[in-house]
Amino acid sequence: MSDNTSQGAALITGASTGIGAVYADRLAKRGHDLILVARDEARLNVLADRLRAETGVKVEVLKADLTDKADLKRVEQRLATDAAITVLVNNAGVAGSNDFVANDPDAFERMIQLNVVAVTRLAAAAARNFVPRDRGAIVNLASVVGLIPELGMPVYGATKAFVTYLTQGLRAQFAQSAVRLQAVLPGATRTEIWERSGSDINAIDPNTLMEVDDLVDAALAGFDQGELVTIPSLPDPADWNAALAAKAKLYPNLSRNTPAARFKAV
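The structure contained in this document is the topic of the report that follows. The model shown is predicted, which means the values in this text are computed figures rather than measured ones.

Comments concerning the packing of aromatic side chains
Then comes step 1: Applying the stated criterion across every chain, the model contains one aromatic pair.
Then comes step 2: Plain terms: the ring middles of phenylalanine 100 and phenylalanine 108 are 5.6 Å apart, the flat faces sit at 25° to each other, and that makes the pair stacked.
Then comes step 3: Under the relative-accessibility criterion, phenylalanine 100 is labelled exposed at 55%.
Then comes step 4: Looking at arginine 180, its charged tip hangs above the ring of phenylalanine 223, at a distance of 4.0 Å from the centre.

Listed below in structure tokens is the structure:
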């Protein structure tokens with residue numbers, strides 16, 4: 001995502017506010033044309049008008065509800081066939097109630113539809129466009145919640161763990177490709193997601209709450225540094241690498257032709 005107009009267009013989902021809107025601002029200032037996707041067309045148009053005036057890039061508004069199959073397929077088709085698109089920012093997502101017993105299962109299903117199904121289908125559409133051309137970038141917004149099941153957010157956390165795994169798995173599959181991949185794992189960030197999920201942002205420890213502009217700037221810095229997984233608040237990347245190395249020690253023993261001795265009858 002270098003600062004020149006030859007980089008093509010960036011399609012950003014959930015672009016009307018929060019993280020998506022800041023990505024739109026930053027990528028426009030880097031010279032990318034934009035395709036802004038969200039349900040709120042009025043807010044998209046306000047953002048598009050500002051960015052056209054401030055940066056001179058081309059900005060297209062694409063109203064779509066990614067939980068609606070027809071809308072999702074329309075965005076997929078655009079991603080898969082438009083050679084001008086070189087960046088997907090897979091940002092649209094939703095949080096919700098953490099109560100696994102009391103919450104409406106339909107709400108969980110809607111969360112999975114947006115956070116998992118839509119993210120997967122759009123990443124696949126972008127890959128069909130980018131991989132044959134050996135060019136492009138897929139940025140998937142995950143969350144640190146996906147690393148911490150002890151937080152007690154089983155469905156939301158699981159959807160975000162999926163996004164991180166998906167990104168890592170795609171990097172392994174596209175090892176010989178120049179297509180760039182990045183999973184961004186925000187911690188608590190000041191966006192409207194709190195209000196929409198029924199949570200009180202004022203109850204969050206301010207020492208753990210990042211401003212959205214800082215979050216996106218750090219994510220873009222991580223992209224520029226070639227990170228596959230970017231945790232904007234993590235001071236030392238060696239800690240993440242150590243966690244990956246510890247996990248890798250399990251690999252030789254995860255699949256063997258006999259059960260471990262500890263499971264054999266005495």
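What about the packing of helix H3 (residues 69-81) against helix H4 (residues 105-133)?
Then comes step 1: Interhelical geometry of H3 versus H4 gives an angle of 25° and a closest axis separation of 7 Å. Here H4 runs roughly parallel to H3, going by the angle between their axes. Seen along the crossing, H3 lies across H4 with a hand that is right-handed. Residue-level contacts link Lys69, Leu72, Lys73, Val75, Glu76, Leu79, Ala80 and Thr81 of H3 to Gln113, Ala118, Arg121, Leu122, Ala125, Ala126, Arg128 and Asn129 of H4.
Then comes step 2: Each residue belonging to the contact of H3 with H4 can be placed in one class, and the counts come to eight nonpolar, three polar and five charged.

Description of the pairing of strand E4 (residues 85-90)
Then comes step 1: Among the six residues in E4, six count as buried, and that is most of the element.
Then comes step 2: Inspection of the sheet shows strand E1 (residues 9-13) paired to E4 by four bridges, in the parallel sense. By the bridge assignment, isoleucine 12 is partnered in E4 with valine 89.
Then comes step 3: With four bridges connecting them, E4 and strand E5 (residues 137-141) associate as parallel partners. By the bridge assignment, asparagine 90 is partnered in E5 with asparagine 140.
Then comes step 4: Viewed along the sheet, the connection from E4 through H4 into E5 turns out right-handed.

Some words on the environment of arginine 171
Then comes step 1: As for its placement among the helices and strands, arginine 171 is situated in helix H5 (residues 154-173).
Then comes step 2: The exposure class assigned to arginine 171 is partly exposed, which follows from its relative accessible area of 22%.
Then comes step 3: C-alpha separation for the pair arginine 171 and glutamine 182, spaced eleven residues apart in sequence, amounts to 8.8 Å.
Then comes step 4: With residues up to four places along the chain from it excluded, the contact list for arginine 171 reads Ser177, Val179, Arg180, Leu181 and Leu228.

Description of the packing of helix H1 (residues 18-29) against helix H2 (residues 41-55)
Then comes step 1: Viewed as axis vectors pointing N to C, H1 and H2 meet at an angle of 20°, and their least axial separation amounts to 10 Å. Our classification of the angle between H1 and H2 gives roughly parallel. In the crossing of H1 with H2, the sense of the turn from one axis to the other is right-handed. Contacts between H1 and H2 involve Ala21, Ala24, Asp25, Ala28 and Lys29 on the former and, on the latter, Leu47, Arg50, Leu51, Glu54 and Thr55.
Then comes step 2: Its residues assigned to classes, the contact of H1 with H2 shows five nonpolar, one polar and four charged.

Thresholds applied
Residues numbered from 1 in each chain as written. Predicted model: local features only at pLDDT ≥ 70, side-chain atom pairs only at ≥ 80, totals over all residues. Heavy atoms only, no water. Phe/Tyr/Trp six-rings, centres within 6.5 Å; stacked < 30°, edge-to-face > 60°. Buried < 20%, exposed > 50% of the residue type's maximum accessible area, 1.4 Å probe, protein only. Lys NZ or Arg CZ within 6 Å of the ring centre and 35° of its normal. Axes fitted to C-alpha atoms, helices over the stretch in contact; angles between N-to-C directions. Helix = DSSP H or I, 4+ residues; strand = E, 2+ residues; numbered from the N terminus. Parallel < 35°, antiparallel > 145°, perpendicular 65-115°, else oblique. Left-handed = near helix turned anticlockwise from the far one by under 90°. Contact = heavy atoms within 4.5 Å. Nonpolar A, V, L, I, M, F, W, Y, C, P; charged D, E, K, R; others polar. Pairing = 2+ DSSP bridges. Right-handed = clockwise from strand over helix to strand, strands pointing away.

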